[in-house]
Amino acid sequence: MQVFDNLYFVGTGGVASWALKTSEGLILIDALNNDGEAERYIDVGLRKLGLDPADIRYLLITHGHGDHYGGQAYLVEKFKPRVVMSEQDWLELEKPKLEFSSPRWGQPPKRDMAVNDSDLLILGDTRVQLYVTPGHTPGTLSLIFSVFDQGIEHKAALWGGTGLNFGPDRQRILTYSASAERFRVLAKEQGVDIFMSNHPARDGARERMPLLKQRQPGEPHPFVAEPADVQGAFELLRDCSYAQALKL
Ligand SMILES: [Zn+2]
C-alpha cells in the first residue's frame, strides 16, 4: 500500500520491501526472500499501486541476508536496476560459505555498486543518507530519508538489521549496541520522527498500515511519532543489546 506521498510498501507480513518514488524513478529498498515473492509482491504490487517496476533505478539491499536480497535475480534480470550494498557486505557475500542460508532464499547478487559510511544515494529530487551500522552483519546499512504526508515533510530512519541471531559473540553484540547509539544520535540531529525497519513486525508497520487505511481527514499519520519516541526505539536497541553483552 501507499504509506506516504513518496513511499510504498510492497513487502509481505514477514519482511519489508519499500519503494521510494523520486522524480527520476524508484529506489527499491530490499528484494524479499526469493524470485517468486519479488514477482508477486514487488512486480505485481507496484503495478497495482500505479507504479512501473521498470522505473526501479536502484535496488538498495540493507544487508547480506537472503530475506533481503533473495528476489534480486528476478528484479535485476527484468528491470536492470543497479544493486547497492555496503562494501563490507559485498565482501561477506563473496566468502566461500555464507554465515546464513536457507532453501527459501534466492541467489545472492553479483557485486555491483559498493557504498561506504555516510555516502549519499541521490536520484532526481531524492537523497538517501547511508550509514554503515555493523552488528547484525558487518556492513548493515541504515538509512535516513525524507517522506511526505500530504506535502508535509517528515524524516524517516530505517534501521537496517535487527537481531543478534549470530550467537553469543560478545564483541559483535557490543558493536551492535554502539551502532544503535550512533544512529540514535544521527536521528536526533536530523529531527527524525519516523522509526522504520525492514521487517514489518519490528517497527509496527503491520499494525500501522491498517490504521492508516482507516485514517480520517485531519488525523495524525500512524507512522509519525514524537522524535523522543524514535529516540526511545534506538535506546531500546542500544540498551537491550548491551545487556546481552553484559550477560555474556
Ligand atoms: Zn538479517
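If you're wondering where the values come from, they're calculated on a predicted model, not measured in any experiment.

Participant: Looking at this structure, how should I read the overall build of the protein?
Facilitator: Across its full length, the protein carries 7 helices and 12 strands. Since a compact globule built from 248 residues should have a radius of gyration of about 18 Å, the 17 Å found for the protein is in line with a globular shape. Of the contacts formed within the protein by residues at least 6 apart in sequence, a portion of 72% connects residues at least 24 apart.

Participant: What exactly am I supposed to notice about the environment of glutamine 216 here?
Facilitator: Along the chain, glutamine 216 falls in the loop between helix H6 (205-213) and helix H7 (227-247). By C-beta crowding, glutamine 216 is classed as exposed, having 5 other C-beta atoms within 10 Å. In this structure the C-alpha to C-alpha distance between glutamine 216 and valine 10, which are 206 residues apart in sequence, comes to 23 Å.

Participant: Can you help me understand the packing of helix H5 (residues 170-189) against H7 in this one?
Facilitator: Packed helices, taken two at a time, are described by the angle between their axes plus the distance between the axes. Packing of H5 against H7 brings their axes to within 8 Å, and their N-to-C directions diverge by 165°. Considering the angle they form, H5 stands roughly antiparallel to H7. Considering the relative orientation of H5 and H7, their crossing is left-handed. Along the contact surface, H5 presents Arg170, Ile173, Leu174, Tyr176, Ser177, Ala180, Glu181, Phe183, Arg184, Ala187 and Lys188, while H7 presents Val230, Gln231, Phe234, Glu235, Leu237, Arg238, Ser241, Tyr242, Gln244 and Ala245. Its residues assigned to classes, the contact of H5 with H7 comprises 11 nonpolar, 4 polar and 6 charged.

Participant: In this structure, what is going on with the pairing of strand E11 (residues 152-159)? I would like to understand it.
Facilitator: On a regular strand, one side chain projects to one face of the sheet and the next to the other, so that they alternate. Where strand E10 (residues 141-149) lies against E11, 7 bridges are found, and the strand directions are antiparallel. Directly across from phenylalanine 148, in E11, lies its bridge partner glutamate 153. Bridge analysis of E11 against strand E12 (residues 194-197) gives 4 bridges, and the strand direction is parallel. By the bridge assignment for E12, leucine 158 is matched with methionine 196. Regarding the hand of the β-α-β motif, the stretch spanning E11, H5 and E12 is right-handed.

Participant: Can you help me understand the sheet that holds strand E9 (residues 126-132) in this one?
Facilitator: The 5 strands lie next to each other as E8-E9-E10-E11-E12, forming an open sheet whose pairing is mixed. Lying at the two open borders of the sheet, with one neighbouring strand each, are strand E8 (120-123) and E12. Each strand axis lies, on average, 25° off the axis of its neighbour in the sheet, ignoring direction. Pairing of E9 with E10, which is carried by 4 bridges, proceeds in the antiparallel orientation.

Participant: Mind showing me how you'd approach the environment of glutamate 153 here?
Facilitator: By the secondary structure assignment, glutamate 153 is in strand E11. By the C-beta count within 10 Å, which is 11 here, glutamate 153 ends up exposed. The sequence separation of glutamate 153 and aspartate 5 amounts to 148 residues, and the corresponding C-alpha distance is 9.8 Å.

Participant: Whenever I open this one, the nonpolar core confuses me. Can you help?
Facilitator: The nonpolar side chains of soluble globular proteins are, as a tendency, buried together. In this structure, Ile27, Leu28, Leu59, Leu60, Val84 and Ala157 are the most contacted members of the largest nonpolar core, which totals 65 residues. The residues contacting alanine 157, other than those within four sequence positions of it, are Ser142, Ile144, Phe183, Ala187, Val192, Phe195, Met196 and Val230.

Participant: What's the story with the sheet that holds strand E2 (residues 7-9) in this structure? I'm lost.
Facilitator: With respect to topology, 7 strands assemble into an open sheet ordered E1-E2-E3-E4-E5-E6-E7, the strand pairing being mixed. Looking at strand neighbours, the two that pair on one side only are strand E1 (2-4) and strand E7 (113-115), the edges of this open sheet. Neighbour to neighbour, the strand axes of the sheet diverge by 25° on average, direction disregarded. With 2 bridges connecting them, E1 and E2 associate as antiparallel partners. In the sheet register, phenylalanine 4 faces E2, and the bridge partner there is leucine 7. In the packing of helix H3 (residues 72-79) onto the sheet, the strands contacted are strand E5 (56-60) and strand E6 (82-86), and the crossing angle to E5 comes to about 160°.

Participant: I would appreciate a short explanation of the packing of helix H1 (residues 35-48) against H3 in the present structure.
Facilitator: Running from N to C, H1 and H3 cross one another at 60°; their axes reach a closest spacing of 6 Å. Taken together, the axis directions place H1 and H3 in an arrangement best described as oblique. Of H3, the residues touching H1 (which contributes Asp35, Ala38, Glu39 and Ile42) are Ala73, Tyr74 and Leu75. A per-class count over the contact of H1 with H3 returns 5 nonpolar, no polar and 2 charged.

What counts as what
- Residues numbered from 1 in each chain as written.
- Predicted model: local features only at pLDDT ≥ 70, side-chain atom pairs only at ≥ 80, totals over all residues.
- Helix = DSSP H or I, 4+ residues; strand = E, 2+ residues; numbered from the N terminus.
- Rg over C-alpha atoms; globule rule 2.2 N^0.38 Å.
- Contact = placed C-beta atoms within 7 Å.
- Buried ≥ 20, exposed ≤ 12 C-beta atoms within 10 Å, placed from the backbone.
- Axes fitted to C-alpha atoms, helices over the stretch in contact; angles between N-to-C directions.
- Parallel < 35°, antiparallel > 145°, perpendicular 65-115°, else oblique.
- Left-handed = near helix turned anticlockwise from the far one by under 90°.
- Nonpolar A, V, L, I, M, F, W, Y, C, P; charged D, E, K, R; others polar.
- Pairing = 2+ DSSP bridges.
- Right-handed = clockwise from strand over helix to strand, strands pointing away.
- Core = buried A, V, L, I, M, F, W, Y, C linked by C-beta atoms within 7 Å.

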